[in-house]
Amino acid sequence: MEYNERLARFRQGHVNPFDRREIDSSTEGKDPPKHEVRSEIFSSESKTQSSDRAMDLGLAEDHFSRPVGSFVASDVEQLKQAIAECKRLILELPEHSEKQKDTVIKLIHLRLKLQELKDPEEDEPNLQVLLEHRFSKEKSKSVKQMCDKCSTIIWGLIQTWYTCTGCYYRCHSKCMNLINKPCVRSKVSHQSEYELSICPEVGLDKQDYRCAECRTPISLRGVPNEARQCDYTGQYYCSSCHWNDTAIIPSRVIHNWEFEPRQVCRTSMRYLALMISRPVLKLKEINPLLFNFVEELVEIRKLRQDILLMKPYFITCKEAMEARLLLHLQDRQHFVENDDMYSLQDLIDTSSGRLSCSLTEIHTTFAKHIKLDCEKCQAKGFMCELCKEGDILFPFDNHTSVCHDCFAVFHRRAYDIKTTQGDCYYDNSTTCPRCARMLERQHEESQNP
């Protein structure tokens, strides 16, 4: 009878019928049964573990003891306090540390939850967080989409649906609570690397004849479900996790210079789409022989090396900074940082010829500023100290050689076949006049302090 009364009060929003504290207060002065004592022990242990997790952020309430996206906060003020505490911790933790990254993710979840609580009048919240997905309610009613969970059509006119802003996972509102796949963008953030083996198949027997993702029974005969292989992971998936989407496989590009799209599962398709512009491929370590067979890569590498030699001129030039010349490479920022890292999109554009054309045009614009338009940049040129003749030289010019110690520039011309003599030729075996002069000056200064 007492339990029914408490349940009625709970439905009215007054009390939780399973709250241990109120049960204890109602039975105060009585000896609890043994099974209740044991229950209290386990309850206290779970509360201790929960409080320990909460103390990591210094919060009064544990917002993170439940799965991501399932917060327990009684009002908006508690969430605001938790957000303020997260901000303080982010500033105190070491930069780029794992704890700081986790705290940033928790801060995002708290802010999304706060947004939901601030708009309680809507039947469906505009934002929802689940398994690191950040679902946004879609407004479009005419676009035809497919639900990634139930593999059926989303009828926008009569159905509510959501899209993850991170990995573009789409689903019905009714399918939200059934999702068991985490957001692919979190994997990209924590593990930015490709599978570099070509279709590393392990076999259905190693998978226990089940889908590699949802563990649904599958077989090559299609009974009870058809087994479909993903060319990227080499594993087999069911028809709900593998829709026969196609994508370019990085391992086939690196090892075979092959760009034919292959069938991949839905998760691999999203992962490859998010990774396509990330410069994570170091070709000279993965497959250095590729430069011997692909002439376009050699040309791209030379253009990138020249751009890196031009970068110091732009950094110290006021006119170049005002014109923001380096923004020509804003879509490929790694080109102004190094010359050996490539993204999959770089290799695709190299194969099609688009990258060579665009990079040659940018190279011409940069060289024009340094050699013709800007007098300050022209003044930073070099005269060949071996022949002391000719025009002003720059390190990115063709047929020039640069000293690795003092960065002086010299003519670099081919040997005369008849006389077997070079004309202004400089290499590492030749003594650099500028380096010799600097050493002599240091020697004189040491003798005459």
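Residues numbered from 1 in each chain as written. Predicted model: local features only at pLDDT ≥ 70, side-chain atom pairs only at ≥ 80, totals over all residues. Heavy atoms only, no water.

An unreviewed UniProt entry lists the protein chain under the name Differentially expressed in FDCP 8 homolog, from Cyprinus carpio carpio. The annotation that UniProt attaches to the protein chain under Function (unreviewed entry) is "Positively regulates lysosome peripheral distribution and ruffled border formation in osteoclasts. Involved in bone resorption." For the record of the protein chain, the UniProt heading Sequence similarities (unreviewed entry) holds the text "Belongs to the DEF8 family." (UniProt positions renumbered as here; feature names shortened; annotations may be inferred.)

Examining the overall build of the protein chain
Scanning the protein chain for helices and strands turns up 16 helices and 14 strands. Within the protein chain, residue pairs in contact and separated by at least 24 positions form 55% of the contacts whose partners lie at least 6 positions apart. Only carbon and sulfur atoms are counted for the fraction: they give 50% of the accessible area of the protein chain, which is about 27,700 Å². (Helix = DSSP H or I, 4+ residues; strand = E, 2+ residues; numbered from the N terminus. Contact = heavy atoms within 4.5 Å. Areas by Shrake-Rupley, 256 points an atom, 1.4 Å probe, with all protein chains shown as cover.)

Considerations on the pattern of salt bridges
Pairing of side chains with opposite charge becomes possible as their charged atoms draw close. Following the criterion strictly, the structure yields 20 salt bridges and no others. For D148, the salt bridge goes to R270, with nearest N and O atoms at 2.6 Å. Residue D148 is found in the loop between β3 (145–146) and β4 (153–154), and its partner R270 is found in helix α8 (residues 266–275); the two are separated by 122 residues along the sequence. The pair D148 / R270 is uniform in exposure class, with both members buried. The closest approach of N and O atoms between E258 and R262, which form a salt bridge, is 2.5 Å. The exposure class assigned to R262 is partly exposed, which follows from its relative accessible area of 25%. (Salt bridge = Lys/Arg side-chain N within 4 Å of Asp/Glu carboxyl O. Buried < 20%, exposed > 50% of the residue type's maximum accessible area, 1.4 Å probe, protein only.)

Things to note about the pairing of strand β1 (residues 127–130)
Pairing analysis gives four bridges linking β1 to strand β2 (residues 133–137), with the strands arranged antiparallel. Looking at the pairing, L127 lines up with S136 of β2. A loop of two residues connects β1 with β2, the two strands running antiparallel in sequence, and L131 in this loop sits at a positive phi of about 50°. (Pairing = 2+ DSSP bridges.)

Brief notes about the sheet that holds strand β6 (residues 170–172)
Sheet strands line up and pair through hydrogen bonds in the backbone, either parallel or antiparallel. Spatially, the four strands line up as an open sheet ordered β1-β2-β5-β6, and their pairing is antiparallel. The sheet is open, and its two edges are formed by β1 and β6, each paired on a single side. Between one strand and the next, the sheet's axes are offset by a mean angle of 30°, whatever the strand orientation. (Axes fitted to C-alpha atoms, helices over the stretch in contact; angles between N-to-C directions.)

Quick look at the packing of aromatic side chains
Tallying each qualifying case throughout the model produces seven aromatic pairs. Relative to F396, the ring of Y313 has its centre 6.2 Å away and its plane inclined at 85°; by these criteria the two rings are edge-to-face. Here the residue Y313 occupies a position in helix α11 (residues 295–315), and F396 occupies one in the loop between α15 (375–378) and β13 (400–402), the gap between them amounting to 83 residues. Judged by its relative accessible area of 4%, F396 is buried. Ring plane angle 70° and centroid distance 4.8 Å describe the contact between F314 and F366, whose orientation is recorded as edge-to-face. One end of the pair, F314, is in helix α11; the other, F366, is in helix α14 (residues 354–373), and 52 residues separate them in sequence. (Phe/Tyr/Trp six-rings, centres within 6.5 Å; stacked < 30°, edge-to-face > 60°.)

Points about the confidence of the model for the protein chain
For the protein chain, per-residue confidence averages 77 on the pLDDT scale, and 76% of positions sit at 70 or higher. Under a pLDDT of 50 for its full length, residues 10–73 has, in the predicted model, 65 contacts with residues more than four places off or in other chains. Low pLDDT (under 50) marks residues 414–422, which in the prediction has five contacts with non-local residues, meaning those over four places away or in another chain. (pLDDT = per-residue confidence, 0-100.)

Focus on unusual backbone geometry
Keep in mind that most residues, glycine aside, have a negative phi and that most peptide bonds are trans. Phi angles above zero are rare outside glycine, and Y168 is one such case at about 65°. Among the structural elements, Y168 can be located in the loop between β5 (161–164) and β6. With a relative accessible area of 47%, Y168 lands in the partly exposed category. For W257, which is not glycine, the phi dihedral falls at a positive 50°. In this structure, W257 sits in the loop between α7 (250–256) and β10 (262–264).

A short note on the pairing of β2
Bridge analysis of β2 against β5 gives three bridges, and the strand direction is antiparallel. Considered in β5, the bridge of K137 is made with Y162.

Quick word on the side chain of D346
The topology assignment puts D346 in helix α13 (residues 344–352). Residue D346 is classed as buried on the basis of its relative accessible area, which comes to 1%. Here S343 takes part through its backbone nitrogen, which lies 3.0 Å from a polar atom of the side chain of D346. (Polar contact = N/O pair within 3.5 Å; in protein donor to acceptor, adjacent residues only side chain to side chain.)

What about the packing of α11 against α14?
Following both chains from N to C, one finds α11 and α14 inclined at 30°, their axes separated by 10 Å at the closest point. When the interaxial angle is binned, α11 and α14 end up roughly parallel. Remark: the crossing between α11 and α14 carries left-handed chirality. Each of E299, I300, L303, R304, D306, I307, M310, Y313 and F314 in α11 lies in contact with α14, whose residues at this interface are L355, S356, L359, T360, H363, F366, A367, H369 and I370. When grouped by side-chain class, the residues that make up the contact of α11 with α14 number 11 nonpolar, four polar and three charged. (Parallel < 35°, antiparallel > 145°, perpendicular 65-115°, else oblique. Left-handed = near helix turned anticlockwise from the far one by under 90°. Nonpolar A, V, L, I, M, F, W, Y, C, P; charged D, E, K, R; others polar.)

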